[in-house]
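Each chain, letter by letter, is given below.
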Amino acid sequence: MQEFLVIIRGGKDPGLGSPQEMQEHLQHWQQWLGELMASGNYVAGQNLEPQGLTVLSNATVTDRPLAEGKELVAGYLVLRADNAAAAAELAKGCPGLPFGCTLEIRGIRQLH
Amino acid sequence: MTASQNIDQAVNHLFRQASGKMVAVLVKIFGTENYALAEDVVQDALLSGLETWKFNGIPNNPEAWLFRVARNKAIDIIRRRKHQSDVDFSNPDQLPPSAEDTLEQHWQDENIKDDFLGMMFACCHPDISPENQVTFILKSLCGFSTREVARAFLTSEDTISKRLYRTKAFFRASRIRPHIPPPAQLSGRLDAVLNSLYLLFNEGYSATQHEQLIREDIIAQAIYLCQCLLDHAHTRQPRAAALMALFSFHAARIHSRLHIDGTIIPLSQQDRQQWDKNLIATGNEWLNKAAVGTALSPFHLEAAIAYEHCIAPNYAATNWKMILSYYDALLQLTKDPVILLNRSVAMLEYAGAKAALQSLEALEGHRQLNRYYLYHAVLGEIYKRMGEKEKAVACFEQARLLTAAQQEQEFLAAKIADT
C-alpha cells in the first residue's frame, strides 16, 4: 500500500441552484468520504478557501493564488491504495466530477 | 414506510429551512426592497456551509453555523454600504448603521420566528394575487429554486420568474415591512395566509400528473408552514388548528389514492388499511384544539368532513348524514358551487340518485361549473345509478373532454366502459 495525494481542482460547484440541491450534493460527499473511511483508504483531506497568498521567486507576496477558476486547487485528499490506478479508481467516485472538477493523483514518495 | 415518515423526512430539509429563516431575517434587516441582496447572502452562507462540511462533516448545530455566517456577511454589507442609499436605515425596523451589535439580536430564536411569520404575512399581502403569493412563499420561505417551483406547479420557469418578478417589483414599490399584523388587523390577514397555505396544499394534493415525490414535497411544505403559525402565540388560532387537522386527515390518505401505475382509486375502493393512523390521530388532536372559541371557519367544517371519512370502517358505513349536515353548514358560510357539487355526492350516498340530482338543479347552466370536469363526472355517476346509461355516458364523455390530466381521463374512460 502506498499513499497518494489527490489534488482537487475547480473551486466552484456551478449548477447547484437550490438549497435542496446543495444539501443533496453535501450528502453525496459525506457518503463518498464515509465509504473511503470505512474501507480504510482514507488518510486525510481538507477543503481550501478560495482566497490566499502567493510568494513569488523574487520574494514579493501577492494577495491571491496564482491559479483561477478551473485550475484553482479546491482541496486535497490523501488516500491509501495499492497503486496509482487503484487510487484513480477510488477518486472516480468524487461527487465534484459531474460539476467539472478534475482530480490529479500523485504518489507520495517514501524513504524506504 | 408510512406517509408520516415520508413527510417527516421531507420536512427534514436543513438547507431549505435554514434558507427560509435566513431570508426572513435578512429581509427584515435590508428591507423587502432589497430582497435580491438577502437572497445573495443566503446563497453565500449555504455555499460556505457546503464547502466546509464536505470534508469536515456537519457541525452539531448547523443552523446556528449558517446563521453566524449570514450575520457576518450582513455586517460586511452594512459596513460597505453605510454611505449608499440603497438600504434605507431611516426605517426604524431596520438596522441603524452605528449599531452593528444589535444585529446580534435579529438572530435570536424568538426574533427569527417572528420574522419568518412576518415574511409569510408580507408574501400574503392582499395586493399580491393568490398564485403569486404561493409562488413567492415557496421561493423565499421554503427555499425552492425557480426550477423547483416550476416543477411543483407544472408550469415553465419563465412563468414562475415573471410571477416572482411581479412580487419583487411590488415589494420595491411599496416597501412593505414584514411583520405579524397588530391584533386589529390580524384576523383578516391571517385568513389570507391560511387560504394561501390551503392553496399550496391542494396543489400538492390534487391528483393531476404530478410525480408523487413533488406532491409530497409540496404537502410537507404546507404542513410545515402551518406548524410555524401554530408554534406562535399570536397566530395559534382555532382556524389555523382546523387547517392543520384538515391537512393531517388528507395527508393520511395520500398513499391509498393512486395505483402504482398512477391511476386514481376512488374513495369507495381505497384500501383503508393503508391510511396513516398516526396522521389521523394527529388530525384529531388538532381538531380538538380547533374546537375552542365561537368562530366556525370553513376549515373546521372541511376538517370535520375529512374526519368522518377517516373514521369510517368502510365506504358504506360512512356517516353520510353527518357529512351532509357539515356541507349544509359550509353552504351557510360560503355559496361556493363546488361545495354544492361535493354535497351532492354525500346526498347521492345518503338519499339516493334522485335527491342528488335535485340538489344539483340549482347549478344547471352555471357557467363556471359547466367547464369543470368533476361536475359532469358527478352527474354521470348520478345518471348511472338511475340506470340512465346514455345520459351517464354523455356526461362522462363531456367530463373527459374537460380534463387535461391523463390519470383523470383514464379514470373516466374506465367509468364509461363500466356503464
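Remember, predicted model here, so these are calculated numbers, not experimental data. (Residues numbered from 1 in each chain as written. Chains lettered and ligands numbered in written order. Predicted model: local features only at pLDDT ≥ 70, side-chain atom pairs only at ≥ 80, totals over all residues.)

Some words on the overall build of chain B
Next, step 1: Looking only at helices and strands, chain B features 21 helices and 0 strands.
Next, step 2: Over its C-alpha trace chain B gives a radius of gyration of 24 Å, about what one expects of a compact globule, namely 22 Å for 419 residues.
Next, step 3: With respect to the principal axes defined by its C-alpha atoms, chain B has extents near 80 × 50 × 40 Å.
Next, step 4: The buried share of chain B, reckoned over its 419 residues, is 41%.
Next, step 5: Within chain B, residue pairs in contact and separated by at least 24 positions form 65% of the contacts whose partners lie at least 6 positions apart. (Helix = DSSP H or I, 4+ residues; strand = E, 2+ residues; numbered from the N terminus. Rg over C-alpha atoms; globule rule 2.2 N^0.38 Å. Buried ≥ 20, exposed ≤ 12 C-beta atoms within 10 Å, placed from the backbone. Contact = placed C-beta atoms within 7 Å.)

Overview of the overall build of chain A
Next, step 1: Check the secondary structure of chain A and you find 2 helices and 6 strands.
Next, step 2: Taken from N to C terminus, the helices and strands of chain A fall in the order β-α-β-β-β-β-α-β.
Next, step 3: Along the three orthogonal principal directions, the C-alpha set of chain A runs to about 50 × 45 × 20 Å.
Next, step 4: For chain A, the residues scored as buried account for 21% of the 112 residues in total.
Next, step 5: Here the contacts in chain A between residues at least 6 apart in sequence split such that 74% fall between residues at least 24 apart.

Observations regarding the confidence of the model for chain B
All names here are of chain B.
Next, step 1: Within chain B, residue pLDDT values average 88, and 91% of them lie at 70 or more.
Next, step 2: Element-level pLDDT for chain B is lowest in helix 1 (residues 3-11), with a mean of 46, against a maximum mean of 97 in helix 12 (residues 238-252).
Next, step 3: Below a pLDDT of 50 lies the segment residues 1-11, which in the model reaches 23 contacts outside its immediate sequence neighbourhood of four places, other chains included.
Next, step 4: For this predicted complex, the interface score ipTM comes out at 0.89, while the overall pTM is 0.85. (pLDDT = per-residue confidence, 0-100.)

Some details on the UniProt feature "domain: RNA polymerase sigma-70 region" (unreviewed entry) in chain B
Next, step 1: Taking the UniProt record as the reference, the feature "domain: RNA polymerase sigma-70 region" (unreviewed entry) is found at residues 15-82 of chain B.
Next, step 2: The straight-line gap between the two end C-alpha atoms of residues 15-82 of chain B is 30 Å; of that span, 85% is helix and 0% is strand. (UniProt positions renumbered as here; feature names shortened; annotations may be inferred.)

Looking at the interface of chain A and chain B
Think of interface size as the accessible area that goes away when the parts come together; that is how it is often given.
Next, step 1: Taken together, the contacts link 13 residues of chain A with 17 residues of chain B.
Next, step 2: Elements supplying a minimum of two residues to the side of chain A that touches chain B: helix 1 (19-38) and strand 2 (42-47) of chain A.
Next, step 3: The element best represented in the side of chain A that touches chain B is helix 1 of chain A, accounting for 7 residues.
Next, step 4: When its residues are assigned to classes, the side of chain A that touches chain B shows 4 nonpolar, 9 polar and no charged. (Nonpolar A, V, L, I, M, F, W, Y, C, P; charged D, E, K, R; others polar.)

Observations regarding the UniProt feature "domain: YCII-related" (unreviewed entry) in chain A
Next, step 1: UniProt's feature table lists "domain: YCII-related" (unreviewed entry) at residues 20-97 of chain A, given in the numbering used throughout.
Next, step 2: Secondary structure content for residues 20-97 of chain A is 35% helix and 24% strand, and the end C-alpha separation is 19 Å.

A closer look at the packing of helix 1 of chain A against helix 3 (residues 35-56) of chain B
Next, step 1: Orientation of helix 1 of chain A relative to helix 3 of chain B, taken along the N-to-C sense of each, is 5°, at an axis distance of 9 Å. When the interaxial angle is binned, helix 1 of chain A and helix 3 of chain B end up roughly parallel. Residue-level inspection shows P19, M22, H25, L26 and W29 of chain A of helix 1 of chain A in contact with helix 3 of chain B, the latter providing L46, L50, W53 and K54 of chain B.
Next, step 2: When its residues are assigned to classes, the contact of helix 1 of chain A with helix 3 of chain B shows 7 nonpolar, 1 polar and 1 charged. (Axes fitted to C-alpha atoms, helices over the stretch in contact; angles between N-to-C directions. Parallel < 35°, antiparallel > 145°, perpendicular 65-115°, else oblique.)

What about the packing of helix 7 (residues 130-140) of chain B against helix 9 (residues 157-174) of chain B?
All names here are of chain B.
Next, step 1: Contact geometry of helix 7 with helix 9 gives a least axis separation of 9 Å together with a crossing angle of 95°. It follows from the interaxial angle that helix 7 and helix 9 lie roughly perpendicular. Between helix 7 and helix 9, the residues in contact are E131, N132, T135, F136 and K139 and I160, R163, L164, R166 and T167, respectively.
Next, step 2: Residues that form the contact of helix 7 with helix 9 fall into these classes: 3 nonpolar, 3 polar and 4 charged.

A few points about the pairing of strand 1 (residues 2-9) of chain A
Two faces belong to every sheet, and in a regular strand the side chains alternate between them.
All names here are of chain A.
Next, step 1: Bridge count for strand 1 against strand 5 (residues 73-81) is 8 bridges, and the pairing is antiparallel. Bridge assignment links R9 to a residue of strand 5, and that residue is V73.
Next, step 2: Of the strand pairs in this sheet, strand 1 and strand 6 (residues 102-107) are connected by 6 bridges, and their pairing is antiparallel. Looking at strand 6, one finds that I8 is bridged to L103. (Pairing = 2+ DSSP bridges.)

Description of helix 10 (residues 183-205) of chain B
An α-helical turn contains 3.6 residues, so any two residues separated by three or four positions project in the same direction.
All names here are of chain B.
Next, step 1: With 23 residues, helix 10 should cover 33 Å at 1.5 Å per step; its first-to-last C-alpha distance of 32 Å lies within 8% of that length.
Next, step 2: In helix 10, a bend of some 30° at R189 exceeds every other bend along the element.
Next, step 3: Every buried residue of helix 10 is accounted for by L190, V193, L194, S196, L197, Y198, L200, F201, E203, G204 and Y205.
Next, step 4: On the buried face of helix 10, the contacting elements are helix 6 (109-123), helix 7, helix 8 (146-152), helix 11 (212-230), helix 12 and helix 14 (298-311). (Expected span 1.5 Å × (residues − 1). Bend = angle between axes of the 7 residues up to and from the residue.)

Quick notes on the nonpolar core
Next, step 1: Of all hydrophobic cores here, the largest spans 112 residues; its most connected members are L26, M120 and L243 of chain B.
Next, step 2: At 11 residues, helix 12 of chain B tops the list of elements feeding residues into this core. (Core = buried A, V, L, I, M, F, W, Y, C linked by C-beta atoms within 7 Å.)

What to know about the confidence of the model for chain A
Next, step 1: In the predicted model, chain A carries a mean pLDDT of 90, and 95% of its residues have values of at least 70.
Next, step 2: Per-element confidence in chain A ranges from a low mean pLDDT of 92 for strand 4 (residues 61-62) of chain A to a high of 97 for helix 2 (residues 84-91) of chain A.

Some remarks on unusual backbone geometry
Next, step 1: A positive phi angle is found at A59 of chain A, which is not glycine, with a value near 70°.
Next, step 2: Under the C-beta neighbour-count criterion, A59 of chain A is labelled exposed, with 6 such atoms within 10 Å.
Next, step 3: Although it is not a glycine, R175 of chain B adopts a positive phi angle of roughly 50°.
Next, step 4: Topologically, R175 of chain B is positioned in the loop between helix 9 and helix 10.
Next, step 5: On the neighbour-count criterion, R175 of chain B (12 C-beta atoms within 10 Å) is exposed.

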